[in-house]
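This is what each chain is made of:
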Amino acid sequence: MGGIQESYGSDEKDLALCQFFLFTGSRCEAGLGDLKIAYEDWCIQCGYTPLPTDHLITFVIEGNGNRTLYDPTTGKVLLYAFDHNFNFVTPVPDQPEPTFYTIHGADTFTEYVELLARQWLEFVKKEEG
């Protein structure tokens, strides 16, 4: 997939809502990038053990800087959201808020792609009808 730049969704549950990029290989990076130090400091301040993140791949960055990452070994998807108002996520246990969340219906990378595809198909059907 070539990637998607600067998307704007129409529904707050839309995985493509206000994304800076999705699936753009040249922009994907390992780990949390420049957010890693802040995340680890926040964990220490709150008494939590930081998750290992260097092996995770960031494949989505929102306009506000939130990131969606996946584990290339397990396929597990996590949302790192320090600024969100989503009702379709669940905090990861033993992690401070606002840091890591799971996305309802998108536990793995494959499920994430399939959920996004269903959302786009619903959008196209609405536009056609």
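These figures come from a predicted structure and were not determined experimentally.

**Student:** Break down the pattern of salt bridges for me, citing the residues and quoting the values.
**Tutor:** Counting across every chain of the model gives 4 salt bridges. Residue Asp54 pairs with Lys36 through a salt bridge whose shortest N-O separation is 2.9 Å. With Asp54 in the loop between α1 (36-46) and β4 (57-62) and Lys36 in helix α1, this residue pair connects regions lying 18 residues apart in the sequence. You can call Asp54 exposed: its relative accessible area is 51%.

**Student:** Describe unusual backbone geometry, listing the residues and the values that go with them.
**Tutor:** Between Glu97 and the following residue, Pro98, the backbone shows a cis peptide bond with an omega angle of 0 degrees. Even without a glycine there, the phi angle at Asp94 is positive, about 65 degrees. If you trace the backbone, Asp94 turns up in the loop between β7 (89-91) and β8 (100-103).

**Student:** Before we move on, can you summarise the packing of aromatic side chains with the specific residues and values?
**Tutor:** Scanning the entire structure with this criterion turns up 8 aromatic pairs. Measuring from centroid to centroid gives 5.6 Å for Phe59 and Tyr70, while their planes differ by 70 degrees, and the two rings are edge-to-face. Taken together, the positions of Phe59 in strand β4 and Tyr70 in strand β5 (residues 67-70) put the pair 11 residues apart, joining distant regions of the chain. Taking the relative accessible area as the measure of exposure, Phe59 reaches 2% and is therefore buried. One aromatic cluster is present, built from ring pairs that chain together Tyr39, Tyr80, Phe82 and Phe100.

Procedures and definitions
Residue numbering note: each chain is counted from 1, following its sequence as written. Where local features are concerned, this predicted model is filtered to residues with pLDDT of at least 70; where side-chain atom pairs are given and counted, the filter is 80 or more; whole-chain, interface and lining totals use all residues. Hydrogens are left out, water is left out, and the side-chain values use all remaining heavy atoms of the structure. Criterion for a salt bridge: a side-chain nitrogen of Lys or Arg within 4 Å of a carboxyl oxygen of Asp or Glu. The way it works is that DSSP assigns letters per residue, a run of H or I at least four long becomes a helix, a run of E at least two long becomes a strand, and they are numbered from the N terminus. Only protein chains enter the accessibility calculation, which uses a 1.4 Å probe; a residue is then buried when its area is under 20% of its type maximum, exposed when over 50%, and partly exposed in between. Aromatic rings from Phe, Tyr and Trp, taking only the six-membered ring of Trp, are treated as a pair when their centres fall within 6.5 Å; an angle between ring planes under 30 degrees marks them as stacked, one over 60 as edge-to-face, and anything in between as tilted.

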